[in-house]
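Spelled out, the chains give:
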Number of protein chains: 2
Amino acid sequence: METRKHVEVCFTPGDYAYYKDEFEIVVVIDVLRATSAICAAFDNGVKAIIPVPTVEEAKAYKEKGYLAGAERKGQIVEGFDFGNSPFSYMKEEFRGQEIVLSTTNGTKSIDVSKDAEIVVIGSFLNLQALSEWLAVQEKNVLCLCSGWQDKFNLEDTICAGAISDYLLNTGNFTSDEDSSIAAKYLYLSAKDNYFGYLKSSSHRRRLKNLNLNEDIKYCLTPNQTSVIPILKNGKLVNMVLENAL
Amino acid sequence: METRKHVEVCFTPGDYAYYKDEFEIVVVIDVLRATSAICAAFDNGVKAIIPVPTVEEAKAYKEKGYLAGAERKGQIVEGFDFGNSPFSYMKEEFRGQEIVLSTTNGTKSIDVSKDAEIVVIGSFLNLQALSEWLAVQEKNVLCLCSGWQDKFNLEDTICAGAISDYLLNTGNFTSDEDSSIAAKYLYLSAKDNYFGYLKSSSHRRRLKNLNLNEDIKYCLTPNQTSVIPILKNGKLVNMVLENAL
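Residues numbered from 1 in each chain as written. Chains lettered and ligands numbered in written order. Predicted model: local features only at pLDDT ≥ 70, side-chain atom pairs only at ≥ 80, totals over all residues.

Enquirer: Help me understand the overall build of chain A, please; the structure alone is not making it clear to me.
Expert: Helix and strand counts for chain A come out as 11 helices and 11 strands. Scaling as 2.2 N^0.38, a compact globule of 245 residues should have a C-alpha radius of gyration of about 18 Å, and chain A matches this with 17 Å. Seen through its principal axes, chain A has C-alpha atoms that stretch 55 × 45 × 30 Å. Long-range pairs, those at least 24 residues apart, make up 79% of the contacts in chain A with a sequence separation of at least 6. (Helix = DSSP H or I, 4+ residues; strand = E, 2+ residues; numbered from the N terminus. Rg over C-alpha atoms; globule rule 2.2 N^0.38 Å. Contact = placed C-beta atoms within 7 Å.)

Have a look at this one:
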């Protein structure tokens, strides 16, 4: 009898419909930069993040007095004070606050997966802590990459491959999908030098042109925090604090 | 000035809409087994193949007296005499004939790309001949993988990576998309042993269960033919013979 759980990788939010049925846990990944920024925010003591798919929704919250950020195509949307740079979320005034965020790819992934039993946020920043937590849940795990404008991207896939590799190495998980096998192969060839491996990736080139090299370095540096953001009633909260309530 | 042409890789027919605009040539790839069977058919002297997306259309042609094949989920559809095994197309009675074919994934890719300027058929079987031809066209090339039921598959991606790698090595092509970079990485790690590399792939496992190991071996053996099937007025024909008309 097969008692192992599945860990699979879905490359884009658009592919989610082909994968979603079997998985109790969805890990949303948008390494450059939404899910890295979300991890950085909770590491800095933010109380909650309300992810919204559209800029209009973010604006509506802003008008109600919320701290609200919006990013499209790598840049802060006009009329907003911050986008998805992790460094934006390290300010003292953000601690204890609820923040609204809309991004090109990451908040779209959260939106398509929001009806899953459990939705958590993954990035290189919380790789080890998240993987260890997933390993003991005894649930099927889908790593949902956010991609770039509905297309595959390398950095999310490699992060998903890293999570899969960890879970597969416990012996309690199996991968069936070719996308998962490819993600693992890509991770294994990238793991000794993420920055070098991704230097030709389209998204990194795009952000580099926007002078965001510091952001990229930060987002590709594993295990800077042990926070695990989790979606509860439409808001992302810090799992540890939430469980303590 | 950038005069190099693009060679990019699209993982599934469903993603085609995100890629299609810039490319004059689309290479449709369905290694296991539609595009391998199509190459084998032309190598055996078939006159034309009429690809149809639905079983119903294939049936309608059969009732009109055409040789018609249909495959779904790896098996010959009831009421048909053949599906997409390359060996089916090596019969003497197929020579000089027009054949109708509907398959799970491959004919779907042909259908979504049929409005491109040029649609050709790629597989490991005609890898070298096709790559050499693409290299001298001075056109942008999109390798369209057929995937498996709308999801990514490894064997098509590796074949696409092989074509891309050849074209990139001419110095006259460039790849921008992360999907193309990933396909090349996967090809480079697979190229010394396709059969071993793909042993864990989902589709190979599926076909192995159907006792199709001989088909798989044949489909993964490069450069068995120099035919290049090309779509003309809704029919696939042998490019060399067509040009000679």
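Enquirer: Just to check I follow, could you spell out the relation of the copies chain A and chain B for this structure?
Expert: The relation between the two chain copies is a rotation about an axis coupled with a shift along that axis. At an RMSD of 0.0 Å, chain A and chain B line up after a rotation of 180° and a shift of 0.0 Å along the axis. The transformation relating the two chain copies, once decomposed into turn and shift, fits a two-fold axis. Measuring from the rotation axis to each C-alpha of chain A, the shortest distance belongs to A:L186, at 3.7 Å. Mapped onto chain B, 100% of the interface residues of chain A again fall at the interface, so both copies present the same surface. (Least-squares fit on C-alpha atoms with pLDDT ≥ 70 in both.)

Enquirer: Would you mind showing me how to read the interface of chain A and chain B here?
Expert: Interface size is commonly expressed as the accessible surface area that is lost when the partners come together. Of the residues lining the interface, 21 residues belong to chain A; the matching set on chain B comes to 21 residues. At the level of secondary structure, the elements contributing two or more residues to the side of chain A that touches chain B comprise α6 (154-169) and α7 (178-190) of chain A. Ranked by residue count, the leading element in the side of chain A that touches chain B is α7(A), at 7 residues. Residue composition of the side of chain A that touches chain B, by class: 8 nonpolar, 7 polar and 6 charged. (Nonpolar A, V, L, I, M, F, W, Y, C, P; charged D, E, K, R; others polar.)

Enquirer: Help me understand helix α1 (residues 34-43) of chain B in this model?
Expert: Since one α-helical turn is 3.6 residues long, residues separated by three or four positions face the same way. Residue and element names in this part refer to chain B. Counting buried residues in α1 gives 9 out of 10 residues, a clear majority hidden from the surface. Where α1 is concerned, the buried positions are A34, T35, S36, A37, I38, C39, A40, A41 and F42. Backbone geometry just downstream of α1 places G45 in the positive-phi region, at approximately 90°. (Buried ≥ 20, exposed ≤ 12 C-beta atoms within 10 Å, placed from the backbone.)

Enquirer: Just to check I follow, could you spell out the pairing of strand β6 (residues 98-102) of chain A for this structure?
Expert: Strand residues, when the strand is regular, have side chains that alternate between the two faces of the sheet. Residue and element names in this part refer to chain A. The element β6 is largely enclosed, with a buried count of 4 among its 5 residues. With 4 bridges joining them, strand β3 (residues 48-51) and β6 adopt parallel strand pairing. Looking across to β6, one finds that I50 is bridged to V100. Relative to β6, strand β4 (residues 67-72) runs parallel, the two being bridged by 4 bridges. Within β6, the position partnered with A70 by the bridge is S102. (Pairing = 2+ DSSP bridges.)

Enquirer: What's the story with unusual backbone geometry in this structure? I'm lost.
Expert: Only a minority of non-glycine residues have a phi that is not negative, and only a minority of peptide bonds are not trans. All names here are of chain A. Of note, the bond from L32 into R33 is cis; its omega dihedral lies within 30 degrees of zero at 10°. Considering the arrangement of structural elements, one finds R33 in the loop between β2 (25-29) and α2 (34-43). Not every positive phi belongs to a glycine, and Q149 is a case in point at roughly 50°. Looking at the secondary structure, you find Q149 in the loop between β8 (141-145) and α6. Taking the number of C-beta atoms within 10 Å as the measure of exposure, Q149 has 13 and is therefore partly exposed. Here the phi dihedral of N223 falls at roughly 60°; this positive angle occurs in a residue that is not glycine.

Enquirer: What am I meant to see in the packing of helix α5 (residues 127-135) of chain A against α6(A) here?
Expert: Think of two packed helices as two axes; the pair is described by the angle between the axes and how far apart they sit. All names here are of chain A. Closest axis-to-axis distance for the α5/α6 pair is 10 Å, and the angle between their directions is 45°. In terms of orientation, α5 and α6 fall into the oblique class. For the pair α5 and α6, the sense of crossing is right-handed. The segment α5 lies against α6, with L127, L130, S131, L134 and A135 engaging A162, I163, Y166 and L167. Here the residues of the contact of α5 with α6 sort into 8 nonpolar, 1 polar and no charged. (Axes fitted to C-alpha atoms, helices over the stretch in contact; angles between N-to-C directions. Parallel < 35°, antiparallel > 145°, perpendicular 65-115°, else oblique. Left-handed = near helix turned anticlockwise from the far one by under 90°.)

Enquirer: Help me out: how do you make sense of the nonpolar core in this one?
Expert: Soluble globular proteins: nonpolar side chains tend toward being buried together. A:V27, A:C143, A:L144, B:V27, B:C143 and B:L144 are the most contacted members of the largest nonpolar core, which totals 153 residues. Apart from residues no more than four positions distant in its own chain, A:C143 is found in contact with A:V9, A:C10, A:V27, A:I29, A:G122, A:A160, A:I163 and A:S164. (Core = buried A, V, L, I, M, F, W, Y, C linked by C-beta atoms within 7 Å.)

Enquirer: Looking at this model, I keep getting lost on helix α8 (residues 202-209) of chain B. Mind explaining?
Expert: Of the positions making up α8(B), those classed as buried are B:S202, B:H203, B:R204 and B:L207. On the buried face of α8(B), the contacting elements are α7 of chain A together with α5 (154-169) and α9 (213-219) of chain B. Immediately beyond the C-terminal end of α8(B), within one or two residues, lies B:N211, with a positive phi of roughly 60°.

Enquirer: Any chance you could explain the environment of A:A37 here in plain terms?
Expert: Residues and elements named next belong to chain A. Position of A37 among the secondary structure elements: in helix α2. On the basis of neighbour counts, which here come to 32 C-beta atoms within 10 Å, the residue A37 falls in the buried class. Spatially, the C-alpha atoms of A37 and L130 are 16 Å apart, while their sequence positions differ by 93 residues.

Enquirer: What exactly am I supposed to notice about the pairing of strand β7 (residues 118-122) of chain B here?
Expert: All names here are of chain B. Counting buried residues along β7, 4 of its 5 residues qualify, which places the element largely inside the surrounding structure. Of the strand pairs in this sheet, strand β2 (residues 25-29) and β7 are connected by 5 bridges, and their pairing is parallel. When the bridges of β7 are listed, V28 appears paired with I121.

Enquirer: Explanation requested: the environment of A:Y197 in the structure shown.
Expert: By secondary structure assignment, the location of A:Y197 is in helix α8 (residues 194-197). Measuring from C-alpha to C-alpha, the distance between A:Y197 and A:Y187 comes to 9.8 Å, with 10 residues separating the pair along the chain.

Enquirer: So what exactly am I meant to see when it comes to the confidence of the model for chain A here?
Expert: Predicted confidence across chain A gives a mean pLDDT of 93, with 98% of residues reaching 70 or more. With pTM at 0.94, the complex prediction returns an ipTM value of 0.92. (pLDDT = per-residue confidence, 0-100.)

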